[in-house]
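Given next are the chains, with one letter for each unit.
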Amino acid sequence: METHPLFYRFMGANSEMQIHNPKYPLCNAYPNPNLPVAEFINHDDKTWNVGLVQAFFTRENCQKILQLGLPISGEYRIVWPFTKSGSFTTKSAYKLLAGELPDPNVPSYPIYKIIWSFPVIPKVQLFIWKCFENIFPSKVRLSRYAPSQDISCSMYDSGLPESAEHLILNCSYSRDVWANVPNGSIILSDAGTSISIQEWIQKWFESGRSRDFLCSIFTAAWCLWRERCFRMFQDQQLNHLHTSRMAVNLYHDSMNYLNANSSQNPHPTRTDLSPPSNSDLPHNCVLVYCDAPYDKNSNQTGIGILVTDIARSYQGCKLINGKARNPEEAESMAVFEALKWLKNKNHVSICVRNDAKNVMEYLLNNKNQTS
């Protein structure tokens, strides 16, 4: 039997190991010679002895051997192509048998460098990497190690298995979210297909789409995973519009932060902690500060309202107890109760100061809002 040509890739240029090829003798005068590897190499210029190789091997194997490069110095060694070090490990053999390792003969796409240099927040980067590495901790994935575990979808009571593909693309809740975020209609074209989550990520990285487009879709995908975790571990009620708003705002905040950091500013800026100026407000305007802490275990909220004039002199305060479904609803109730109270006191010029970004942007009809 003829020796496989890849065998020669691992032989040292000075190896004395003999090659026995009974099927293809060198010539009639030298039938079946046992030649060492060193005989097939011109040691003066480190090139193949083409005539000898052509005479000794089949045409197909001759072409393969002559395409192999020869080291100028040192020697080749036997390597295991499925580890970075070239050394054999039981773990890599197991992954190879399980079909979890790529073909080493196929050029690899530099997807990992793209993921770790992609301009999103670290949590989103880690999420993308886990999906691409097929270690995304969905219920289907975890059931490999805990077969008795329930694998039904945590987001929507459909009874369907919670795989990464189902959670990000196919779940009814996920589709509702994609329908309410920028570029979501494009992503919905992948729903219901057989595309894997690894193929989905690589598809968009190779699509040539803009950085902003990719940042928006991967941020939205991470928000779906975040909501799933809150639903599963904290029993939080889900609202697809809330998830959509969170994805849009996180995307804009991420881009603003990254753009600010990438600008050339050799001097760090100091955060301005002074209160905002009231110079542009009408003289009869009142300032209302409102807040609403939220207890996720009992859904209880306590609304605090403080009113001052433009000189920040105390005008009144009020406390209200209530219930809300989520923190954003509690903040909305705080603003509503504050405005209702001041309206009953016949105030017509009111300035609201509140740290709930979503609520205030909605009141201002900010374009980042999706509802």
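Structure shown above.
Summary of the structure given here. Owing to the predicted nature of the structure, the values given are computational and were not obtained by experimental measurement.

This next bit is on the overall build of the chain. When you go through the chain residue by residue, the secondary structure sums to 14 helices and nine strands. Here the chain holds 371 residues, and the buried ones make up 38% of them. Residue pairs at least 24 apart in sequence account for 50% of intrachain contacts in the chain once pairs closer than 6 positions are excluded. Approximately 22,500 Å² of the chain is accessible, and the part contributed by carbon and sulfur atoms is 54%.

Of all the residues in helix 10 (residues 197–205), the buried ones are Ile197, Gln198, Trp200, Ile201, Trp204 and Phe205. All buried residues of helix 10 fall inside an arc of 165° around its axis, so they share one side.

Turning next to the pairing of strand 7 (residues 300–309). Of the strand pairs in this sheet, strand 5 (residues 286–291) and strand 7 are connected by six bridges, and their pairing is antiparallel. Residue pairing across strands places Val288 opposite Val307, the latter belonging to strand 7. Here strand 6 (residues 294–295) pairs with strand 7 via two bridges, running antiparallel. Bridge pairing in strand 7 places Tyr294 opposite Thr301. Where strand 6 folds back on strand 7, the antiparallel hairpin that results is connected by four residues, among which Asn299 adopts a positive phi of roughly 65°. One ladder, built from nine bridges, connects strand 7 with strand 8 (residues 314–323); its direction is antiparallel. For Ile303, the partnering residue across the bridge sits in strand 8 and is Ile320. Turn length for the strand 7-strand 8 hairpin, with the two strands adjacent in sequence and antiparallel, is four residues, and the turn residue Arg312 shows positive phi of about 65°.

In terms of nonpolar packing, the biggest core is built from 46 residues, with Phe127, Ile168, Trp178, Trp200, Phe205 and Phe218 touching the most fellow members. Elements represented by at least two residues in this core include exactly helix 4 (111–117), helix 5 (122–132), helix 7 (164–170), helix 8 (172–178), helix 10, helix 11 (211–234) and helix 12 (240–262). The greatest single-element share of this core, amounting to 12 residues, is contributed by helix 11. When neighbours within four sequence positions are excluded, Ile168 is seen to be in contact with Phe127, Ser174, Trp178, Ile197, Trp200, Ala221 and Leu224. In this structure, Val307, Ile320, Ala324 and Ala338 belong to the second largest nonpolar core, which totals 17 residues.

Among the structural elements, Ser216 can be located in helix 11. Here Ser216 is in contact with Pro182, Asn183 and Tyr251, once residues within four sequence places are set aside.

So, how was this worked out
- Residues numbered from 1 in each chain as written.
- Predicted model: local features only at pLDDT ≥ 70, side-chain atom pairs only at ≥ 80, totals over all residues.
- Heavy atoms only, no water.
- Helix = DSSP H or I, 4+ residues; strand = E, 2+ residues; numbered from the N terminus.
- Buried < 20%, exposed > 50% of the residue type's maximum accessible area, 1.4 Å probe, protein only.
- Contact = heavy atoms within 4.5 Å.
- Areas by Shrake-Rupley, 256 points an atom, 1.4 Å probe, with all protein chains shown as cover.
- Arc of directions from axis to C-beta.
- Pairing = 2+ DSSP bridges.
- Core = buried A, V, L, I, M, F, W, Y, C linked by side-chain atoms within 4.5 Å.

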